[in-house]
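As a plain string of letters, each chain reads:
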Amino acid sequence: QVQLVESGGGLVQAGGSLRLSCAVSGRPFSSYAMGWFRQAPGKERQFVASITWSGDNTYYADSVKGRFSVSRDNAKNTLYLQMNSLKPEDTAVYFCVADRWISATQHISPLNWDYWGQGTQVTVSS
């Protein structure tokens, strides 16, 4: 079993930055691909970014490319999402996800990820 706990959400003005963290426990962190999804009110969960177990490859939704950066510290069992140049449309609950066997082509669908955190709210004011 893997436990994921997100932190770092909050209220920020448009153009600002936030860094989300996801603390992982329960299984060897370095064996798992990790990612971030988000869900705005009334909308489906949306892929944001992901990173392979080694950290060698990262993937981003087109809407966040160039503004967000995903990284991991395997020694600290922690996943990060650095969010810059935030826009009001980035407002959502952000979820950390993990899966040991997922392939790169499967990252985009929320159905393919086994483990989810409880989410952290990010609100961007205009």
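Residues numbered from 1 in each chain as written. Predicted model: local features only at pLDDT ≥ 70, side-chain atom pairs only at ≥ 80, totals over all residues. Heavy atoms only, no water.

K.L.:
Can you walk me through the nonpolar core in this structure?
P.N.:
Side chains of nonpolar character tend, in soluble globular proteins, to be buried together. If you look at the biggest cluster of nonpolar residues, it comprises 35 residues, and the most contacted ones within it are Leu4, Met34, Trp36, Leu79, Leu81, Met83 and Tyr94. Only strand E3 (18-25), strand E4 (33-39), strand E5 (46-51), strand E7 (68-73), strand E8 (78-83), strand E9 (92-99) and strand E11 (120-125) provide two or more residues apiece to this core. Element by element, the count of residues in this core is highest for E9, at five residues. (Core = buried A, V, L, I, M, F, W, Y, C linked by side-chain atoms within 4.5 Å. Buried < 20%, exposed > 50% of the residue type's maximum accessible area, 1.4 Å probe, protein only. Helix = DSSP H or I, 4+ residues; strand = E, 2+ residues; numbered from the N terminus.)

K.L.:
What is the right way to read the sheet that holds strand E1 (residues 3-7) from this model?
P.N.:
Think of a sheet as strands paired side by side through backbone hydrogen bonds, with each pair either parallel or antiparallel. Here four strands make up an open sheet; going across it, the order is E1-E3-E8-E7 and the pairing antiparallel. Pairing within the sheet leaves two strands with one partner each, and these edge strands are E1 and E7. Direction aside, the axes of adjacent strands within the sheet are offset by 15° on average. Sheet analysis places E3 next to E8, joined by six bridges and oriented antiparallel. (Pairing = 2+ DSSP bridges. Axes fitted to C-alpha atoms, helices over the stretch in contact; angles between N-to-C directions.)

K.L.:
Hey, could you run me through the packing of aromatic side chains in this one?
P.N.:
Remark: the centre distance and the inter-plane angle together describe each pair of aromatic rings, the angle taken between the planes. Under the definition given, this model contains five aromatic pairs. Between Tyr32 and Tyr115 the ring centres are 6.2 Å apart and the planes differ by 65°, which places this aromatic pair in the edge-to-face class. Of this pair, Tyr32 sits in the loop between E3 and E4 while Tyr115 sits in strand E10 (residues 115-116); the two residues are 83 residues apart in sequence, bridging distant segments of the chain. Each of the two residues, Tyr32 as well as Tyr115, counts as buried. Centroid distance Phe37 to Phe47: 5.7 Å. Interplanar angle 75°. Geometry classified as edge-to-face. One end of the pair, Phe37, is in strand E4; the other, Phe47, is in strand E5, with ten residues separating them in the sequence. Considered together, Phe37 and Phe47 belong to a single accessibility category, that of buried residues. These aromatic residues form a ring-pair network of at least three members: Phe37, Phe47, Phe95, Trp113 and Trp116. Sitting over the face of the ring of Phe95, Arg45 holds its NZ or CZ atom 4.0 Å from the ring centroid. The cationic tip of Arg45 hangs over the ring face of Trp116; the distance from NZ or CZ to the ring centre is 4.6 Å. (Phe/Tyr/Trp six-rings, centres within 6.5 Å; stacked < 30°, edge-to-face > 60°. Lys NZ or Arg CZ within 6 Å of the ring centre and 35° of its normal.)

K.L.:
So what exactly am I meant to see when it comes to the environment of Tyr115 here?
P.N.:
Its relative accessible area of 18% is what places Tyr115 among the buried residues. In this structure the C-alpha to C-alpha distance between Tyr115 and Cys96, which are 19 residues apart in sequence, comes to 8.3 Å.

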